[in-house]
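# An overview of the molecular structure
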Amino acid sequence: MNPLLELHNAGQSVWLDYIRRSLMSSGQLKSLIDNDGLRGMTSNPTIFQKAIAGSNEYDDALRTVLSQNPHAEAKELYEALMFDDVRSAADVLRPVYDNSGGADGFVSIEVSPQLAYNTEGTIAEVRRYWNTVNRPNVMVKIPATPQGIPAIEQMIAEGVNINITLMFSMEHYEAVANAYLRGIARCKNPERVASVASVFVSRIDSLADKQLETLGSQEAKKLLGTLAIANTKMIYQRFKEIFYGKQFETFRKRSVRVQRPLWASTGTKNPAYSDVLYVESLAGKDTVNTIPPATLNAFRDHGTVHSAAVESGLDEAKAQLKEAQKLGISLRSITDELQREGVTAFIKSFDELMNVLKDKRRAMDTEHIDRQTFALGSLHSKVTQRLDVWEKEKFGERLWRKDYTLWSDGPAPEITDRLGWLHLPETDYELLNDLAAFANEIRNEGFTHVVLLGMGGSSLAPDMFQQTFGNAPGYPRLIVLDSTHPAAVESVRAKIDLKKTLFVVSSKSGTTIEPNSFYNYFWNLTGKELPAPGKNFIAITDPGTPLEKLAHERKFRRVFRATPDVGGRYSALTAFGIVPAALIGMNVHRLLDQAWTLTEASAFCVGAHSNPGLLLGAALGELTKAGKDKVTFITSPSLAAFPAWLEQLIAESTGKDGKGIVPVAEEPLLSAEKYGSDRFFAYLRLEGDANGESDAHVRTLESAGQPVVRIRMEEPYDIGQEIFRWEMAVASAGAALGIHPFNQPDVELAKKLARSAMKNNGNTSENSVEEFSTGDVKKLHSAAAQWSASARPGDYFSIQAYIAPTGQSHAVVQSLRKELSVKTNLAVTFGYGPRFLHSTGQLHKGGPNTGLFLQIVDEPANEVPVPETDYSFRQLIHAQAIGDYLAMKQRNRRVLRVNLGADTAAGLAILAEALR
């Protein structure tokens, strides 16, 4: 049986914490009612704001309002749109209201949070909202502030349905319940009134857990993730005492309804906890749970209903609350702070909504420019057909429900447990205040550098953020170390003062050899400089990994747990991306705001033809199937680093089963005739940047008939939108291509062969390693000529450099790329090893056999031992290059391996001449 229906049988009404126009117009609200037993919904101004900002869903309605009142202010526009949405939702829910005798089927709407501390203003606004919406199954929200309590009483007395919000503590609850009782006593027809008292749950754990982790004792650790539920269970017991005791007995005889407790904020914020924790733990009679879409889908999929769960374990709950008090954790202080913060957050969201409406109104007076436009020529019809199919199959809705059948006939690992990125912009919002405080702490202590020790998904987004935004004044500069070349490691050491450097050990599994080796090296050095080196280290990892254990054992300054149901290449908006971003002073709130806007533009109730993520995904998939599988990025100068992050997302997601999209980043611009017919160009354009050369180049490409997608960005923080757009696009393109986009089946092969090479000190009998040296120019020229002559139309070259990344080597390789492209009309990609192994390596071995791979190695001058191990960085990078070479040979790839010798610069010059 559907677990959501089981909740109803247990006496709990499920409401949806979400409202927007397409939810009703698409029929999905009715579907939730019919199939999942949905009994009501609550409005969310933040969702409303993102829906308006990120889509054109409300544009026609706004034009209508403005045609009737050209001088309408932002608040008038908001009310006109919201009143229509609430009426529409109330009408869809009206059968529930009627069939329940007025006990359920409600839609909540909230008045301006700016009135939270204004009793008379709240009363006047509630009256106006109630009369204007004019539906019996509407509830108006009033916050449980001291000034809100008398407004609650007055509105109940006037017969208005009220949803009391921002309740956290027993004191808040008792004040609200007593206000309801006083209001009912004064009401002429109290049996017609309905009210819910919304207790916010998970946010208590967010704040309490922080204090418990600071204490760090075993007693404190036992209380992690328990106090919010314990507090809620005690409130429920008080509810029963009030409404099923003598105090309410007279009203019960008159059929007056109890004021039901409503559990709000029941989405899990801590990735270490179950995503359905606050639903499973709080089922009970006469309760409501207003659930965000992500948690609703999760509970439908794997939730378990424990009847009367909210009444179980009461002795344990009391003991937990008592122990917390004994430890100095003041629940009263926490809940009062949360209420104040809640009001502030609601006001901020409301102000942002007003600003969005002002921007929308101004845009109505000017020419509309679509942020994403396509010039696809004859392939436009194929993309349209794909979108038609997705519309019919309800692709978007099923994607948000984590329906594995979009990619696989049966349940498969790394599908449903790798789709957590869909909700990151919203769920990560809870972490931002703590992140900002931590970043200020690091800045104020005078740290000059942050060195991120990572690889692949844990390093690419932070590197892109540093290159795009830089570090804000006063904040440390971020250096990303993701090369195991001894010279690269030593170069980082030479740039920093160990005492003023914060090291970020970043690894999803906590077992990746590269970050672990970097950690050993810098821990050893820092330990020689500082008596307590842990103060200069933090970890970012999934819950329960060996890295988390190590961090606690060695007393790291902090451990940030990442969201476990997000794969590395989708992790830019998890702790792996936003912690380093905060440390360099980025406005992470703004980044997530922008991402959230695109999330709502691509929401589950948005049709395929209007969904920006699916639009791009359909184009990527269909153009690849038509042979245009080299997605080539052209960017404004300020966005030059972004495609390096996109490379991993695209290549690792789609390069498998002999299929794949080849991302081409940082390729020098060529004349239009030098591009083959296998290209699809993506132009990422930032308004106000130096775009002249790129604009002219893209116009030439379009004139030549090359397919192009233009994506316009108004400010750098729109990168948040692009992160989400491309994540959804790549996931959906995978469905079009018939591949599973969230696994990486061919990555392990190179790692296995590298480990074998490490054991045998670089010698292996599995296959011979054919290597050409720049010391034998004649032989090198012959091998290079033979290798390049094997190229065919539709192939691509990939330069894989296991050398230290330097400006000089990069310039040489870029020149070489251009010469190869001009000579062959083929795309040329480039990556430093072993970094690219965690980025494009999956495509190289699992994608189509269309690559010609040039592996470049050198002879590092120094070994640079890795402390606490039996190997050096020289041995490590040598083994990684051999492992990758052998892996590609096993997959019958065309590989040319060239050893530059000890003089890397001279060797590169000789190699470049050979390839000419």
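Structure's up top.
This write-up is about the structure you can find in this document. Just so it is clear, the structure is predicted and the values come from calculations on it, not from any experiment.

### Some remarks on the overall build of the protein chain
Regarding its fold elements, the protein chain presents 37 helices and 23 strands. Overall, the C-alpha framework of the protein chain stretches about 100 × 65 × 50 Å when taken along its three principal axes. Scored against the burial criterion, the 916 residues of the protein chain give a buried share of 62%. Across the protein chain, contacts joining residues at least 24 apart in sequence account for 80% of those joining residues at least 6 apart. Carbon together with sulfur atoms contributes 48% to the accessible area of the protein chain, which is approximately 33,600 Å² in total. Where the 100 positive side-chain charges of the protein chain centre and where its 107 negative ones centre are 2 Å apart.

### Topic: the pattern of salt bridges
Overall, the coordinates contain 64 salt bridges when judged by the stated rule. Of the charged contacts in the structure, one is a salt bridge between Arg835 and Asp463, with a shortest N-O distance of 3.3 Å. Residue Arg835 is found in the loop between β21 (827-832) and α35 (841-846), and its partner Asp463 is found in helix α22 (residues 460-469); the two are separated by 372 residues along the sequence. Among the residues examined, Arg835 registers a relative accessible area of 19% and is labelled buried. You can call Asp463 buried: its relative accessible area is 15%. Between Arg561 and Glu548 there is a salt bridge, with its nearest N and O atoms 2.8 Å apart. Taken as a pair, Arg561 in strand β14 (residues 558-561) and Glu548 in helix α25 (residues 546-553) lie far apart in primary sequence, 13 residues in all. By relative accessible area, Arg561 is classed as partly exposed at 22%. Residue Glu548 is classed as buried on the basis of its relative accessible area, which comes to 8%. One connected set of salt bridges, linked through shared partners, spans Asp36, Arg300, Glu397 and Arg401.

### Description of the environment of Ser108
One can find Ser108 in strand β3 (residues 106-110). Ser108 gets classed as buried once you look at its relative accessible area, which sits at 0%. Residues Ser108 and Leu223, 115 residues apart in the sequence, show an inter-C-alpha distance of 34 Å. The contact partners of Ser108, leaving out residues within four places of it in the chain, are Trp15, Met41, Thr42, Ser43, Met139, Lys141 and Asn163. A polar atom in the side chain of Ser108 sits 3.1 Å from the side chain of Asn163.

### Digging into the sheet that holds strand β23 (residues 894-899)
Read across the sheet, five strands follow the order β19-β23-β22-β20-β21 without closing on themselves; strand pairing throughout is parallel. Looking at which strands have only one partner, the edges of the open sheet turn out to be β19 (771-773) and β21. Shown here is a sheet whose adjacent strand axes are inclined to one another by a mean of 25 degrees, direction ignored. Sheet topology places strand β20 (residues 796-802) next to β21; six bridges connect them, and they run parallel. Each bridged residue has a counterpart across the sheet, and for Tyr796 the counterpart in β21 is Ala827. Contacting β20, β22 (851-857) and β23, helix α36 (residues 873-890) crosses the sheet at an angle of about 155 degrees to β23.

What counts as what
- Residues numbered from 1 in each chain as written.
- Predicted model: local features only at pLDDT ≥ 70, side-chain atom pairs only at ≥ 80, totals over all residues.
- Heavy atoms only, no water.
- Helix = DSSP H or I, 4+ residues; strand = E, 2+ residues; numbered from the N terminus.
- Buried < 20%, exposed > 50% of the residue type's maximum accessible area, 1.4 Å probe, protein only.
- Contact = heavy atoms within 4.5 Å.
- Areas by Shrake-Rupley, 256 points an atom, 1.4 Å probe, with all protein chains shown as cover.
- Lys, Arg positive; Asp, Glu negative; His and termini not counted.
- Charge placed at Lys NZ, Arg CZ, Asp CG, Glu CD.
- Salt bridge = Lys/Arg side-chain N within 4 Å of Asp/Glu carboxyl O.
- Polar contact = N/O pair within 3.5 Å; in protein donor to acceptor, adjacent residues only side chain to side chain.
- Pairing = 2+ DSSP bridges.
- Axes fitted to C-alpha atoms, helices over the stretch in contact; angles between N-to-C directions.

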